[in-house]
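Read off the chains here:
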Amino acid sequence: MRRCVKCKEKASIYLPHHRLSLCSQHYVEWFEERVQRTIKQFGMMEKRDRVLVAVSGGKDSLSLWQVLHRLGYEADGLYIDLGIGDYSAKSKELCKKFSERIGRKLHIVDLSQELSTIPQIKQLDSRPACSFCGSIKRYYMNLYAKKLGYTVVATGHNLDDETAVLLSNVLSWNLQYLERQTPLLEEKDGFVRKVKPLCLLTERETALYAVVTNIDYIEEECPFAENATSIDYKKIMAQIEEKSPGTKLRFYLEFLRKVRPALSSGTQPVTLKPCSVCGEPTVGEICSLCRIRRKLSVKTQNITELPDPS
Ligand code: SF4
Ligand code: ZN
Ligand code: ZN
C-alpha cells in the first residue's frame, strides 16, 4: 500500500513522473503550491495585479480560478458565450454558479451581440471552427481586459495543451509560433500580459484537483472539438508519456530553457500596428476579427458596457 509522503496516511493519488504518493488533502496543497511556484518561476504576476481568468466552464479554467483566488490573487472571470447550443448554455451556468461559490465577479461577453455565434460563422468559413474561434476568443479577452482595467489575463492551458502545440510546431518548424510559445507574454503593443499558471501541470493532475475540491465543471467536449488536430498530438504525447513518465515535462521545460531563448535572438520581432478598422493590434492592415466581421457584413459597433454580473 502506498502512503502519503506528507502524513503517512493511505495515499489516494500517485503521480508517476514525480514518483509522488499523496492523500487527497496533501494533493490539494501540492497542486496549489506548484501553481504558486510556477507563477514565481516565470514572474507571471504579483498580488497587486488585477487578474482576469478566461473561463470556459471546463476543469482547467475553473481550477485555475479557484487556485488563484485561494492563493490570494484578485482574480475575476471572463466567460465568452460562443452560442454553441446546449454546450454554451450549460457551461455558462456552471461558470455563474462557480463565481457565486468563490464570491468573485464573472463578466460575460455575448458573442451573438458582438459579432455572431460560432455555428453561424462556421457556415461562412470553410476553416475548422477552432482556428477562427481561437482568435475570436483572444481578441475579446484582450479587449475586455483593457476595457475593464485588468493587468493580466490568465488562461487554463495545461502541460498537455502546451506539449501538443509544441509538438505540432516542431513538426512543421514553425519558428514564429515557437518563439511565441511561452507561459508569459508581456504586455506590449496593445496586448495585456498573458499568463498560463497551469503550464507545468498535466490534464490528469488538473482533473484530479477539480474532482477532489468538488468543482462542478462541464464534462462534455465542445461539439467542434472532435475535428481539432491538437487531440491527435495529445494522444501521441500520452503514448510516449505512458512508456516514459516525465517526457512531457522535460520536452516543455527543455524547450523553454534551451531552444526558445535562441529563437528569440534569431527571429525578426513581429511588428504590430493598429487595425485600420477597430484599432486593435494586428500584423496586417485589418485584423482577423474585422475580416470575419466583413464576411458577416456586420458593421463595427461601439462596444457597449458589460452588464453587471447577476
Ligand atoms: Fe472554440 Fe474549438 Fe474550443 Fe469549441 S473546441 S470552444 S470551437 S476553440
Ligand atoms: Zn497526506
Ligand atoms: Zn480590427
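Residues numbered from 1 in each chain as written. Chains lettered and ligands numbered in written order. Predicted model: local features only at pLDDT ≥ 70, side-chain atom pairs only at ≥ 80, totals over all residues. Heavy atoms only, no water.

### Focus on the coordination of the zinc ion (ligand 2)
Logical step 1: Looking at the zinc ion (ligand 2), one finds its protein donor set to be Cys4 (SG), Cys7 (SG), Cys23 (SG) and His26 (ND1), positioned 2.1 to 2.3 Å from the metal centre.
Logical step 2: Note that the zinc ion (ligand 2) binds 4 donor atoms; their angles at the metal cover 97 to 115°, and the shape is tetrahedral.
Logical step 3: Of note, the donors binding the zinc ion (ligand 2) are all from one chain and are spaced C-x2-C-x15-C-x2-H. (Donors = N, O, S within 2.8 Å, 3.2 Å for Na, K, Ca; no water. Tetrahedral: all angles 85-135°; square planar, octahedral: opposite > 155°, others 65-115°.)

### Topic: a positive patch on the surface
Logical step 1: A contiguous patch of positive charge, built from Lys137, Arg138, Arg180 and Lys188, is present on the exposed surface.
Logical step 2: Within the secondary structure, Arg180 sits in helix H8 (residues 175–180).
Logical step 3: With relative accessibility at 46%, the residue Arg180 sits in the partly exposed group. (Patch = residues over 30% accessible without salt bridge, like charges linked within 9 Å, V, L, I, M, F, W, Y side chains within 5 Å. Areas by Shrake-Rupley, 256 points an atom, 1.4 Å probe, with all protein chains shown as cover. Salt bridge = Lys/Arg side-chain N within 4 Å of Asp/Glu carboxyl O. Lys, Arg positive; Asp, Glu negative; His and termini not counted. Charge placed at Lys NZ, Arg CZ, Asp CG, Glu CD. Helix = DSSP H or I, 4+ residues; strand = E, 2+ residues; numbered from the N terminus. Buried < 20%, exposed > 50% of the residue type's maximum accessible area, 1.4 Å probe, protein only.)

### Topic: the packing of helix H1 (residues 24–41) against helix H9 (residues 203–212)
Logical step 1: At a minimum axis distance of 10 Å, the contact between H1 and H9 shows a crossing angle of 125°. In terms of orientation, H1 lies oblique with respect to H9. Crossing of H1 against H9: the hand is left-handed. Here Ser24, Tyr27, Val28, Trp30, Phe31 and Glu32 of H1 lie close against H9, whose contacting residues are Glu205, Thr206, Leu208, Tyr209 and Val212. (Axes fitted to C-alpha atoms, helices over the stretch in contact; angles between N-to-C directions. Parallel < 35°, antiparallel > 145°, perpendicular 65-115°, else oblique. Left-handed = near helix turned anticlockwise from the far one by under 90°. Contact = heavy atoms within 4.5 Å.)

### As for the coordination of the zinc ion (ligand 3)
Logical step 1: Surrounding the zinc ion (ligand 3) are the protein donor atoms Cys275 (SG), Cys278 (SG), Cys287 (SG) and Cys290 (SG), which sit 2.3 Å from the metal.
Logical step 2: When the donor residues of the zinc ion (ligand 3) are listed from N- to C-terminus, their spacing reads C-x2-C-x8-C-x2-C. Here the residue Cys275 occupies a position in the loop between strand E9 (273–274) and strand E10 (281–282), and Cys287 occupies one in the loop between E10 and helix H12 (288–296), the gap between them amounting to 12 residues. Summarising the burial analysis for this pair, Cys275 and Cys287 share the class buried.

### Quick word on the site of ligand 1
Logical step 1: Taken together, Leu82, Cys130, Cys133, Lys137, Cys222, Phe224 and Ala225 make up the full set of residues near ligand 1.
Logical step 2: In terms of residue class, the shell around ligand 1 is made up of 6 nonpolar, no polar and 1 charged. (Near = heavy atom within 4 Å. Nonpolar A, V, L, I, M, F, W, Y, C, P; charged D, E, K, R; others polar.)

### Details of the pattern of salt bridges
Logical step 1: Per the stated rule, a full pass over the model turns up 22 salt bridges.
Logical step 2: Glu32 is the salt-bridge partner of Arg70, the closest N and O atoms lying 2.9 Å from each other. Taken together, the residues span a long stretch of sequence, with Arg70 in helix H2 (residues 59–70) and Glu32 in helix H1 at a distance of 38 residues.
Logical step 3: Residue Glu32 is classed as buried on the basis of its relative accessible area, which comes to 14%.
Logical step 4: In this structure, Arg257 and Glu254 form a salt bridge, with 3.2 Å as the shortest nitrogen-oxygen distance. Note that Arg257 and Glu254 are positioned in helix H11 (residues 247–266) at a spacing of 3 residues, about one turn of the helix.
Logical step 5: Note on Glu254: relative accessible area 26%, which makes it partly exposed.

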